[in-house]
Amino acid sequence: MTVATDFAPSESLREGATSAIESRRGSPFMNPYLAGIGLGLVLLAAFFIMGRGLGASGAFSSATALAVEKVAPEHARANDFYLGYLESGLDGHAMKSWLVFEVLGVLMGGFFSGALAGRLSPTVDKGPRISIRGRLAFAFAGGLLMGVGAKFARGCTSGQALSGGALLNVGSWAFMIMVFAGAYAMAFFVRRQWI
Amino acid sequence: MMAPFFKYDLFGDEFSLIVAVLIGFAFGFFLERAGFGSARKLTAQFYLTDLAVFKVMFTAIVTAMLGAFYLSWMGFLDLSLVYLSTTYLAPQLLGGVLLGFGFVVGGYCPGTSVVGMATGRVDALVYGAGLIAGIFAFGEAYPYMEGFVYSTDMGAITLPQLFGVPYGLVMLVIVLIALLGFWAAPSIERYFGNRLTEEV
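The notes below deal with the structure included here. Counting restarts for each chain: residues are numbered from 1 in the order of the written sequence. Chains carry letters from A onward and ligands carry numbers from 1 onward, assigned in written order. Totals for whole chains, interfaces and linings use every residue, but because this is a predicted model, local features are given only for residues with pLDDT of at least 70 and side-chain atom pairs only at 80 or more, for both listing and counting. Excluded from the side-chain calculations are hydrogens and water; all other atoms, namely the structure's heavy atoms, are used.

Going along the chain from the N terminus, every DSSP run of H or I of four or more residues is numbered as a helix, and every run of E of two or more is numbered as a strand. For chain B, the helix and strand inventory stands at eight helices and two strands. Each helix and strand of chain B, placed in order from N terminus to C terminus, yields the pattern α-α-α-β-α-α-α-β-α-α. Accessibility here uses a 1.4 Å probe with only protein chains present; expressed as a share of the type maximum, an area under 20% marks a residue as buried, one over 50% as exposed, and anything in between as partly exposed. Relative to its 200 residues, chain B shows a buried fraction of 56%. The long-range share in chain B, meaning contacts at least 24 apart out of those at least 6 apart in sequence, stands at 66%. All accessible areas in this document rest on Shrake-Rupley with a 1.4 Å probe, and a residue is counted as covered only by the protein chains that are shown. Here chain B displays about 8200 Å² of accessible surface, and carbon together with sulfur accounts for 71% of that area. Positive residues here are Lys and Arg, negative ones are Asp and Glu, while His and the chain termini are left out of the count. By convention, the charge on Lys lies at NZ, on Arg at CZ, on Asp at CG and on Glu at CD. Here chain B carries 8 positive and 13 negative side-chain charges, and the mean point of each set is 16 Å from the other. Only heavy atoms enter the contact rule, under which two residues are in contact if any of them lie within 4.5 Å.

See the structure below:
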């Protein structure tokens, strides 16, 4: 397992020309504006073909609801939150939902792009000043906060900020501003993890 | 007018799942291309040393926003059939703050964590476990806070409707904000990048 060596500030950072974080393994990342146009066209295709936007957290919710139902069926079905996800899939299958299949696609597309670029290998992504155990503890805690937050917000960066943002949805823009505000407010306290 | 195709019954539910995989594939592809499988690349946004998150996100929003508007204006797409989620202001503001905390603490958002997992990042996998734990915690607490979760219901509403201004004006403001950010980004990255190298 390689640790913290695959990404680092580029050489040019030390020369003061730029500070972009470049890939240390495989090919360089795509120009952000080109990648943004690509993502925007994917989102537009979702609007045009499906009449809906992209998403991610919903797929994790379906998986969670299904797991709860497997362990405690009556408990899950008595709760409207789990029930919503359990019944939203096709033919009564919780995992036969649009977002679950979309996220499976994300997994494959990410793997394909990483393979093309030579960027696949087991690693822990972190700054130089934190231990692996520390980083993994933060990763779990961050995921936990994100899980609760995404459910209050009814979506995450994909479903609300990106999809709702492009449709000028009021709740999505309010949400997006708070995401940046929250992240900048918290950044100082976890800086040892990244820089 | 014949789009959104799915809403005009050009294909059924089963086929929509194949579309889901294809759209997801392209989504994951571009996220990885941008470097968003890396937590360090993503969180650099919040230390202002690499503003790729802002650049990619706002380019994508502007592209899809203008694309949807013009396709609708030319009569190809019925924008009223594109799903607009209901705004529940208070829970969405709270959710946004928690998500922002989670982003910089965990290093990913749900979508990018999937790309992180796909490219071998153990921390993304642990993050995903945390995500499921968080959703479970929310689910267990849900019966006690259902009132708050559905509070401040504003309906499905857009910024132009809220402010009573033309759609085009709001689009113009968003494009200008994006362009201002793109214009300022290199100087910001240089300034904070240099400060950081001096500190470390």
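Of regular secondary structure, chain A possesses 10 helices and four strands. When the elements of chain A are put in sequence order from the N terminus, they spell out β-β-α-β-α-α-α-α-α-β-α-α-α-α. Taken along the three principal axes of its C-alpha coordinates, chain A extends 60 × 40 × 35 Å. Counting all 195 residues of chain A, 57% fall into the buried class. Roughly 7600 Å² of accessible area belongs to chain A as shown, and the carbon and sulfur atoms make up 68% of that amount. Averaged over its 16 positive side-chain charges, chain A has a centre that lies 8 Å from the centre of its 11 negative ones.

What follows is about the packing of helix α7 (residues 132-153) of chain A against helix α6 (residues 122-149) of chain B. Note on geometry: axes are C-alpha line fits, over the in-contact stretch for helices, and angles between N-to-C directions span 0 to 180 degrees. Contact geometry for α7(A) and α6(B): axes closest at 6 Å, N-to-C directions at 35°. α6(B) is crossed by α7(A), and the crossing has right-handed handedness. Broken down by class, the residue content of the contact of α7(A) with α6(B) amounts to 18 nonpolar, five polar and three charged. Take the far helix as the reference: if the near one is turned anticlockwise from it by less than a right angle, the crossing is left-handed, and if turned clockwise, right-handed. Here the nonpolar group is Ala, Val, Leu, Ile, Met, Phe, Trp, Tyr, Cys and Pro; Asp, Glu, Lys and Arg are the charged ones; every other residue, Gly included, is treated as polar.

Let us now look at the interface of chain A and chain B. Accessible area lost upon the coming together of the parts is a frequently used measure of interface size. With 128 residues of chain A at the contact, the number on the chain B side is 132 residues. Regarding the contact of chain A and chain B, the summed buried area is about 11500 Å², with carbon and sulfur atoms giving 75% of it. When a carboxyl oxygen of Asp or Glu lies within 4 Å of a side-chain nitrogen of Lys or Arg, that pair is called a salt bridge. The tally of links between chain A and chain B comes to four salt bridges. The closest approach of N and O atoms between Arg121(B) and Asp125(A), which form a salt bridge, is 2.6 Å. Here a polar contact means two N or O atoms within 3.5 Å. Within protein one must be a hydrogen donor candidate and the other an acceptor candidate, and residues neighboring in sequence count only if both atoms are side-chain atoms. Where chain A packs against chain B, one counts 41 residue pairs in polar contact (both at pLDDT 80 or more). For the side of chain A that touches chain B, the per-class residue count stands at 79 nonpolar, 34 polar and 15 charged. Two parts placed together each lose some accessible area under a 1.4 Å probe, and the buried area is that loss summed for both.

The span expected for a helix works out to 1.5 Å for each residue beyond the first. Its 15 residues give helix α3 (residues 57-71) of chain A an end-to-end C-alpha distance of 21 Å, which sits within 8% of 21 Å, the value for a rise of 1.5 Å per residue. When α3(A) is considered as a whole, its buried residues turn out to be Ser57(A), Gly58(A), Ala59(A), Phe60(A), Ser61(A), Ser62(A), Thr64(A), Ala65(A), Val68(A) and Glu69(A). Packing partners of the buried residues in α3(A) comprise α4 (73-77), α5 (80-88), α6 (98-117) and α7 of chain A together with α5 (110-118) and α6 of chain B.

All right, on to the nonpolar core then. Counting 105 residues, the largest nonpolar core has Phe47(A) and Val104(B) as the members making the most contacts within it. With 13 residues, the top contributor of residues to this core is helix α3 (residues 52-73) of chain B. Ignoring sequence-local partners within four residues, the contact set of Phe47(A) consists of Arg52(A), Gly53(A), Ser163(A), Ala166(A), Leu167(A), Pro4(B), Ala64(B), Ala68(B), Leu77(B) and Val82(B). Nine residue types can take part in a nonpolar core, namely buried Ala, Val, Leu, Ile, Met, Phe, Trp, Tyr and Cys, and a core is a set of them joined through side-chain atoms within 4.5 Å.

For Phe, Tyr and Trp, rings pair up if their centres lie within 6.5 Å, where Trp contributes its six-membered ring, and each pair is then called stacked (planes under 30 degrees apart), edge-to-face (over 60) or tilted (otherwise). Per the stated rule, a full pass over the model turns up 28 aromatic pairs over all chains. Between Tyr33(A) and Phe182(B), the ring centres sit 4.8 Å apart and the planes meet at 70°, which makes this aromatic pair edge-to-face. Of this pair, Tyr33(A) sits in helix α2 (residues 32-50) while Phe182(B) sits in helix α8 (residues 167-199), each in a different chain. A relative accessible area of 17% means that Phe182(B) is categorised as buried.

This brings us to unusual backbone geometry. That bond from Ala3(B) to Pro4(B) is cis: its omega, 0°, falls within 30 degrees of zero. In this structure, Leu168(A) is a non-glycine residue whose phi angle is positive, near 60°. Looking at where Leu168(A) falls in the secondary structure, it is placed in the loop between α8 (157-166) and α9 (170-187). On the basis of relative accessible area, Leu168(A) is assigned to the buried category, the value being 0%.

The next point concerns the environment of Arg154(A). Along the chain, Arg154(A) turns up in the loop between α7 and α8. Between the C-alpha atoms of Arg154(A) and Phe175(A), which are 21 residues apart in sequence, the distance is 9.9 Å. When residues no more than four places from it in sequence are discounted, the contact partners of Arg154(A) are Gln160(A), Tyr88(B), Pro91(B), Val149(B) and Tyr150(B).

Relative to the helices and strands, Val190(A) resides in the loop between α9 and α10 (191-194). Judged by relative accessible area, Val190(A) falls into the buried class, the value being 5%. Separated by 138 residues in sequence, Val190(A) and Arg52(A) have C-alpha atoms that sit 35 Å apart. The residues touching Val190(A), leaving out its near neighbours within four places in the chain, are Phe138(A), Tyr47(B), Val104(B) and Val105(B).

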